[in-house]
Amino acid sequence: MRGKTYIDINLAEDWQYPARTVRVRIADVARYFKTEARSMSGCRSLAGITGDWRNIDYIAQDCLEYFKEVNVEEMRRAGKREGMTPKF
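Here's a quick rundown of the structure. All values derive from a computational prediction rather than experimental measurement.

Before going further, it helps to spend a moment on helix α1 (residues 26-35). Of all the positions in α1, only Ile26, Asp28, Val29, Ala30 and Tyr32 are classed as buried. Those residues of α1 that are buried lie in contact with β2 (20-25), β3 (43-46), α2 (53-70) and α3 (72-81).

With respect to the secondary-structure elements, Leu11 resides in strand β1 (residues 6-11). Given the relative accessible area of 16%, Leu11 is considered buried. Placed 38 residues apart in sequence, Leu11 and Ile49 show a C-alpha to C-alpha distance of 9.1 Å. Apart from the residues within four sequence positions on either side, Leu11 is in contact with Ala19, Arg20, Val22 and Ile49.

How each quantity is defined
- Residues numbered from 1 in each chain as written.
- Predicted model: local features only at pLDDT ≥ 70, side-chain atom pairs only at ≥ 80, totals over all residues.
- Heavy atoms only, no water.
- Buried < 20%, exposed > 50% of the residue type's maximum accessible area, 1.4 Å probe, protein only.
- Helix = DSSP H or I, 4+ residues; strand = E, 2+ residues; numbered from the N terminus.
- Contact = heavy atoms within 4.5 Å.

Quick look at the structure:
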């Protein structure tokens, strides 16, 4: 399910959690790119989803592209609230 300010991500069952749906909001994506995207750690988090950096980064990039298409103004505002200068 998608809206102008959120995306519901369906996650498969893993060793730690059963199958579940996590809601990723614009603020979560902005916070990810401020705090996690440059991390050299192999583990990253986005909206309560923690895992291998490649998988989390892929989800964050997809969410960013979606929000840039449907609500670019709010995505820019969220980035500015986090102290970043959006370049889109």
